[in-house]
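Residue-level structural notes
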Amino acid sequence: MLTFTEAQVLAWVTPILWPFIRVLALFGSLPIIAQRSVPLRLRIGLAFLIAFCAQATIPEIEPIELASGAGFMAVIQQVLIGVSLGFAVRIVFTAVEFAGEIIGLQMGLNFAAFFNPMTASEDTAVSRFFGVAVSWLFIVMGGHLMLIGAIVQSFTAFPVSSEPFAFLRAVEPHRWGAEIFSLGLWIALPLVAMLLFANLVLGIISRVAQQMNIFAIGFPITLGVGLVGVLLTLPMMQVPFTMALERMLAHFQ
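The present account deals with the structure reproduced in this document.

1. Topic: the overall build of the chain
The helix and strand tally for the chain stands at 9 helices and 2 strands. For the chain, the α and β elements follow one another from N to C terminus as α-α-α-β-β-α-α-α-α-α-α. Here the chain, with 253 residues, has 38% of them falling under the buried criterion. Look at the contacts in the chain between residues 6 or more apart in sequence, and 81% of them connect residues 24 or more apart. Of the roughly 14000 Å² of accessible surface on the chain, a fraction of 71% belongs to carbon and sulfur atoms.

Now the structure itself:
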């Protein structure tokens, strides 16, 4: 008769249980995977697949009794690390969308707002365009592979333990919000300067040729300059996006 002890079962389950919880928490907060259109069973299956394939590189994890206070605190730690990693990636996406908000405001397109059922919030046209573009860029540049590498290396930087708040003290995720404004302004600054120059030219024209109706021609000119600027600067989006993503993922490596 096949018999096994509770310690043996715990030794079998431990190597895959904690990575599975951490990766599943990551998929619950990741910008692309966490959308409502992605089925929950798909997230669970991907989390189990990544946890299973990462066994060769994850350092050995000491067994922790699941039905104990230490086990409960270890679960909290995995959830905090996974959610924080997804939050770090979401900050980069939000910064790019914030840049789109600023550009749309200068172009005069922020009145074209609509309800986004994916995020259950109101988006503007330029912000939504930047969000979709950066989502494709994240996949094309291999951002998902960088993310998997970061979650695997996080087990070396932050091993499984019963002290979840030590991770928060070391990483300080509450300070990451400033990245939204700094990166967003960095991305939007060339287009803002271009549109500001166009507005200055229109102001000079209105003073020189006062018979010209500047309100009639100002909006199409500003809109055209903004669209041309977006067309010219969009191919250069990869550099700031990659740098910001690597900087945020470095907290977990």
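2. A closer look at the packing of helix α4 (residues 125-140) against helix α9 (residues 238-249)
Taken N-terminus to C-terminus, the directions of α4 and α9 make an angle of 65°; their axes are 11 Å apart at the nearest point. Classified by the angle their axes make, α4 and α9 are roughly perpendicular. Judged by the sense of rotation from one axis to the other, the crossing of α4 with α9 is right-handed. Residues Val134, Leu137 and Phe138 of α4 form the contact with α9, whose participating residues are Gln238, Phe241 and Leu245.

3. Considering the pattern of salt bridges
Applying the stated criterion across every chain, the model contains 1 salt bridge. Where Glu179 meets Arg247, a salt bridge forms, and the shortest distance between an N and an O atom there is 2.8 Å. Placement of the pair is Glu179 in helix α7 (residues 178-208) and Arg247 in helix α9, with a sequence separation of 68 residues. According to the relative accessible area criterion, Glu179 is partly exposed, its value standing at 22%.

4. Describing the nonpolar core
Of all hydrophobic cores here, the largest spans 58 residues; its most connected members are Leu85, Val89, Ile103, Met107, Leu147 and Phe241. In terms of residue count, helix α3 (residues 69-107) provides more of this core than any other element does, 14 residues in total.

5. Brief notes about helix α2 (residues 40-53)
For α2, built from 14 residues, the straight-helix expectation of 20 Å at 1.5 Å per residue is met to within 8% by its first-to-last C-alpha distance of 20 Å. The complete set of buried residues in α2 reads Arg43, Ala47, Ile50 and Ala51. When α2 is viewed along its axis, its buried side chains cluster within an angular range of 100° and face the same direction. Along α2, exposed side chains directed more than 90 degrees from the buried face belong to Arg41, Phe52 and Cys53.

6. Digging into the packing of α3 against helix α5 (residues 143-157)
Following both chains from N to C, one finds α3 and α5 inclined at 145°, their axes separated by 11 Å at the closest point. In this structure, α3 crosses over α5, and the sense of that crossing is right-handed. Contacts between α3 and α5 involve Gln78, Ile81, Leu85 and Val89 on the former and, on the latter, Leu147, Ala150, Ile151, Ser154 and Phe155.

7. Concerning a nonpolar patch on the surface
A cluster of nonpolar side chains, Leu42, Leu46 and Leu49, forms an exposed patch at the surface whose accessible area comes to about 240 Å². Counting through the fold element by element, Leu49 comes out in helix α2.

8. Thoughts on the packing of aromatic side chains
As enumerated under the stated definition, the model contains 8 aromatic pairs in all. Judged by centre distance (5.7 Å) and plane angle (80°), the rings of Phe93 and Phe241 are edge-to-face. Linking Phe93 in helix α3 with Phe241 in helix α9, this pair joins segments that are 148 residues apart in sequence. For the pair Phe93 and Phe241, a shared accessibility class is recorded, and that class is buried. With 5.9 Å between their ring centres and 65° between their planes, Trp176 and Phe252 make a pair best called edge-to-face. Of the two residues, Trp176 is situated in the loop between α6 (165-171) and α7 and Phe252 in the segment after α9; the sequence distance between them amounts to 76 residues. For the pair formed by Trp176 and Phe252, the shared burial category is buried. Looking at Arg22, its charged tip hangs above the ring of Phe155, at a distance of 3.9 Å from the centre.

9. Describing α5
Spacing of three or four residues puts side chains on the same side of an α-helix, whose turn is 3.6 residues. Helix length check: α5, at 15 residues, gives a terminal C-alpha distance of 20 Å against a target of 21 Å (1.5 Å per residue), a fit within 8%. Within α5, the full set of buried residues consists of Gly143, Leu147, Ala150, Ile151, Val152, Ser154 and Phe155.

10. Thoughts on the environment of Ala193
Note that Ala193 resides in helix α7. When the C-alpha atoms of Ala193 and Gln106 are compared, they prove to be 9.9 Å apart, with 87 residues separating the residues in sequence.

The rules behind each value
- Residues numbered from 1 in each chain as written.
- Predicted model: local features only at pLDDT ≥ 70, side-chain atom pairs only at ≥ 80, totals over all residues.
- Heavy atoms only, no water.
- Helix = DSSP H or I, 4+ residues; strand = E, 2+ residues; numbered from the N terminus.
- Buried < 20%, exposed > 50% of the residue type's maximum accessible area, 1.4 Å probe, protein only.
- Contact = heavy atoms within 4.5 Å.
- Areas by Shrake-Rupley, 256 points an atom, 1.4 Å probe, with all protein chains shown as cover.
- Axes fitted to C-alpha atoms, helices over the stretch in contact; angles between N-to-C directions.
- Parallel < 35°, antiparallel > 145°, perpendicular 65-115°, else oblique.
- Left-handed = near helix turned anticlockwise from the far one by under 90°.
- Salt bridge = Lys/Arg side-chain N within 4 Å of Asp/Glu carboxyl O.
- Core = buried A, V, L, I, M, F, W, Y, C linked by side-chain atoms within 4.5 Å.
- Expected span 1.5 Å × (residues − 1).
- Arc of directions from axis to C-beta.
- Patch = residues over 30% accessible without salt bridge, like charges linked within 9 Å, V, L, I, M, F, W, Y side chains within 5 Å.
- Phe/Tyr/Trp six-rings, centres within 6.5 Å; stacked < 30°, edge-to-face > 60°.
- Lys NZ or Arg CZ within 6 Å of the ring centre and 35° of its normal.

All quantities given are derived from atomic positions and should not be read as evidence of function.
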